[in-house]
Amino acid sequence: MEEDVGMDVLSDVIGAMRAGRPYSSLTAAEAAWRMDFAAFGGARFHVVTAGRCRVTSAHAAAVTLGPGDAVLLPHGAEHVLENAGDGTTQLVCGAYQLDQARPHPLIQDLPELVHLPARSDRHPRLRASIALLRDELAEQAPGDDVVLPALLDVVLVHLFRAWISERAERQDTGWCVALGDRAISRSLRAMHEHPAGRWTVESLGARAGLSRAAFARRFASLVGLPPLTYLTWWRLTTAARLLRTTDAPLSVIARRSGYGSPYAFANAFKREYGIPAGEYRRQRRTDHEHIAEWEPPPSGFPLTLVPEGRQPSTASSSQS
């Protein structure tokens with residue numbers, strides 16, 4: 001399975017969670033080396049472009065990577081990279097800050113470590129986007145401040161797409177299957193595109209081409225929530241994003257997120273988040289300013305080298 005109509009939902013998921021600025025590095029290491037990565041409030045990826053290395057984390061099986069192999073750590077788990085072969089190892093690495101306060105069920109559905117082996121017959125867009133990122137990092141050409149953040153976002157989308165595609169062929173339920181299911185993905189897309197719509201189980205079922213009962217069973221089986229429960233969750237997630245990123249009055253946010261009155265919206269928001277919408281806006285604006293001001297280490301990543309190791313020389317690194 002390649003990309004499907006449900007992938008626009010993926011754009012919303014990433015957009016709702018992305019925060020701060022991504023960063024990346026192109027690193028070459030020789031002989032015995034090791035890099036220790038502390039737990040991180042976001043997602044990381046590593047791609048081997050030459051040589052071999054081993055990835056270990058606390059709650060996932062160790063993985064050995066060869067040229068073209070990629071790993072994604074969607075929850076920012078603590079992990080270790082270390083040499084697994086002779087000669088030089090070259091890595092393209094990236095990291096993204098994600099808002100962990102309200103993770104989307106799609107992200108929660110992902111394992112600690114996602115391994116995407118290199119295969120010439122799979123995911124050509126992922127391979128192409130990584131090659132572009134590698135070349136940009138190597139050359140440090142004018143315009144990097146614009147190009148690199150865009151490429152990092154493209155790589156993240158393609159990593160998620162590749163995983164969704166791979167897992168949908170092996171699973172019977174879950175978000176990977178839901179996004180590839182034409183009926184359910186149509187209903188998800190409708191809710192994401194028009195959260196304020198007067199949706200009912202019957203009207204969503206009609207959008208999916210299923211009877212009310214059949215749609216409700218299928219949606220809950222794949223997504224893990226009843227349709228209207230997910231709709232309410234997404235409406236309030238949309239409202240929270242508007243509170244963080246706009247100065248729109250609460251009455252406008254209430255209307256755009258599907259609530260008939262500011263009073264109904266205020267009650268629903270406080271019930272879900274535990275604080276009034278106005279207070280949430282003030283708190284999250286302050287948090288967002290701290291995120292925006294945050295800078296990654298000069299090397300691009302926090303490194304801890306084993307005593308006998310040789311420090312990897314950074315061929316090029318970029319903060320975006």
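Scroll up for the structure.
Keep in mind the model is a prediction, meaning the values are calculated, not measured.

(A) Region of the structure containing the pattern of salt bridges. Inspection of every chain in the model, using the stated rule, returns 7 salt bridges. The partner of Glu193 in a salt bridge is Arg189, and the shortest N-O contact between them spans 3.0 Å. Of the two residues, Glu193 and Arg189 are both situated in helix H6 (residues 182–193); the distance of 4 residues between them amounts to about one turn of the helix.

(B) Local environment of the packing of aromatic side chains. A complete count under the given rule lists 10 aromatic pairs for this structure. When the centroid spacing of 5.6 Å and the interplanar angle of 55° are considered together, the rings of Phe215 and Phe219 count as tilted. With Phe215 and Phe219 both in helix H8 (residues 212–223) and 4 residues apart, the pair spans about one turn of that helix. Judged by its relative accessible area of 0%, Phe215 falls in the buried class. Look at Phe265 and Phe269: their rings are 5.7 Å apart centre to centre, the planes differ by 50°, and that puts the pair in the tilted class. With a gap of 4 residues between them, Phe265 and Phe269 both fall in helix H11 (residues 262–273), about one helical turn apart. The structure contains a cluster of three or more aromatic residues connected by ring pairs, namely Trp175, Phe215, Phe219, Tyr230 and Trp233. The aromatic ring of Phe40 is capped on one face by Arg44, whose charged end is 4.5 Å from the ring centroid.

(C) Examining the nonpolar core more closely. Core analysis: the largest hydrophobic core is formed by 56 residues, its most contacted members being Phe45, Leu133, Leu188 and Tyr230. Tallying contributions element by element places helix H4 (residues 144–168) first for this core, with 10 residues. Discounting residues that sit within four places of it in the chain, Leu188 has contacts with Val9, Trp175, Ala178, Leu179, Phe219, Val223 and Tyr230. Formed by 16 residues, the second largest nonpolar core is a distinct cluster that contains Cys53, Val71, Leu91 and Cys93.

Cut-off values and rules
Residues numbered from 1 in each chain as written. Predicted model: local features only at pLDDT ≥ 70, side-chain atom pairs only at ≥ 80, totals over all residues. Heavy atoms only, no water. Salt bridge = Lys/Arg side-chain N within 4 Å of Asp/Glu carboxyl O. Helix = DSSP H or I, 4+ residues; strand = E, 2+ residues; numbered from the N terminus. Phe/Tyr/Trp six-rings, centres within 6.5 Å; stacked < 30°, edge-to-face > 60°. Buried < 20%, exposed > 50% of the residue type's maximum accessible area, 1.4 Å probe, protein only. Lys NZ or Arg CZ within 6 Å of the ring centre and 35° of its normal. Core = buried A, V, L, I, M, F, W, Y, C linked by side-chain atoms within 4.5 Å. Contact = heavy atoms within 4.5 Å.

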